[in-house]
Amino acid sequence: MLLEHAKVMKAFSEAGEIVGRKKLQKMIFIAKKMNDPFYEKYNFHFYGPYSEELTLRVEELCNLGYIHEEIEKKAGYSQYRYSLTESGEQFLNHYELDMPFLQNWICDLNEQNARFLELVSTIIYFEDLSKDEVKEKVFTLKSKQNYSEAEFEEAVTYIDVLKKSVTS
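On a predicted model such as this, the values are computed, not experimentally measured, just so you know. (Residues numbered from 1 in each chain as written. Predicted model: local features only at pLDDT ≥ 70, side-chain atom pairs only at ≥ 80, totals over all residues. Heavy atoms only, no water.)

Caption draft 1: Inspection of the overall build of the chain at higher detail. Counting its regular elements, the chain contains eight helices and five strands. Reading the chain from its N terminus to its C terminus gives the helix and strand order α-β-α-β-β-α-β-β-α-α-α-α-α. Its C-alpha atoms give the chain principal-axis dimensions of about 45 × 45 × 25 Å. By residue count, 44% of the 168 residues in the chain fall in the buried class. Residue pairs at least 24 apart in sequence account for 66% of intrachain contacts in the chain once pairs closer than 6 positions are excluded. Surface summary for the chain: the accessible area is close to 9200 Å², and the carbon and sulfur share equals 48%. In the chain, the 21 positive side-chain charges and the 29 negative ones have mean positions that sit 5 Å from each other. (Helix = DSSP H or I, 4+ residues; strand = E, 2+ residues; numbered from the N terminus. Buried < 20%, exposed > 50% of the residue type's maximum accessible area, 1.4 Å probe, protein only. Contact = heavy atoms within 4.5 Å. Areas by Shrake-Rupley, 256 points an atom, 1.4 Å probe, with all protein chains shown as cover. Lys, Arg positive; Asp, Glu negative; His and termini not counted. Charge placed at Lys NZ, Arg CZ, Asp CG, Glu CD.)

This is the structure in structure tokens:
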């Protein structure tokens with residue numbers, strides 16, 4: 001059990017501060033799909049792939065004092081900021097985790113905005129379909145996001161770069 005918590009904490013350790021629950025969900029999903037050993041199960045949700053298990057795990061880590069959660073009130077919504085605490089760093093030092101993708105790409109994922117990561121993770125979620133079928137899913141399920149053809153192609157290219165980094 002604590003090993004799975006440590007894996008999530010490793011993401012925070014590598015990325016530094018992660019701003020937004022949606023962004024966190026997408027970052028872990030993408031890392032999992034790039035073969036980093038995350039356990040959390042994902043289902044498709046309104047904002048793309050979502051893991052209730054990850055939400056609960058982060059809540060537990062906050063309650064244990066290993067992750068700091070800061071809530072900022074914005075115009076009409078709350079924004080969550082997460083970072084690893086000193087206690088979390090000490091706890092994480094007890095684990096040797098082999099998570100090469102996470103170390104190579106988590107900071108880059110963290111620099112992307114949540115909207116783009118939602119698109120990337122949605123495309124990856126439907127990766128077993130043809131490109132045209134994935135595009136149709138994205139433009140149907142994510143119609144309110146108004147993704148353009150150019151954004152779709154940018155996301156596909158980004159995924160290709162991620163996949164190549166995993167295999168090289």
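Caption draft 2: Structural view of the environment of valine 19. Mapped onto the elements, valine 19 comes out in strand S1 (residues 18-19). Between the C-alpha atom of valine 19 and that of aspartate 98, which follows or precedes it by 79 residues, the distance is 25 Å. In this structure, valine 19 is in contact with Gln79, Tyr80 and Arg81, ignoring residues within four places of it in sequence.

Caption draft 3: A look at the sheet that holds strand S5 (residues 77-84). The strand order across the open sheet formed by three strands is S1-S5-S4, and the pairing between neighbours is antiparallel. Looking at the sheet topology across the chains shown, the edges are occupied by S1 and strand S4 (67-74). (Pairing = 2+ DSSP bridges.)

Caption draft 4: Molecular detail of the layout of surface pockets. For the largest pocket, the calculated volume is near 440 Å³. As for the largest pocket, its lining consists of 20 residues, and the residues nearest its centre are Arg21, Lys22, Gln25, Tyr50 and Thr55. Listing elements by their share of the lining of the largest pocket, those giving two or more residues are helix H2 (21-33) and helix H3 (52-63). Of the residues assigned to the lining of the largest pocket, the class counts are nine nonpolar, five polar and six charged. Considering only enclosed or pocket space, the second largest pocket measures out at about 170 Å³ in volume. In terms of lining, the second largest pocket is formed by 13 residues, of which the most central are Ile123, Glu127, Val134, Val156 and Ile159. Those elements giving two or more residues to the lining of the second largest pocket turn out to be helix H6 (114-125), helix H7 (131-141) and helix H8 (149-167). If one sorts the elements of the lining of the second largest pocket by residue count, H8 sits on top with five residues. (1 Å grid on protein atoms, 1.4 Å probe; cavity = no way out; pocket = protein on both sides within 12 Å on 5 of 7 lines; lining within 4 Å. Points joined across faces, edges and corners; volume = space filled by probe spheres on them. Nonpolar A, V, L, I, M, F, W, Y, C, P; charged D, E, K, R; others polar.)

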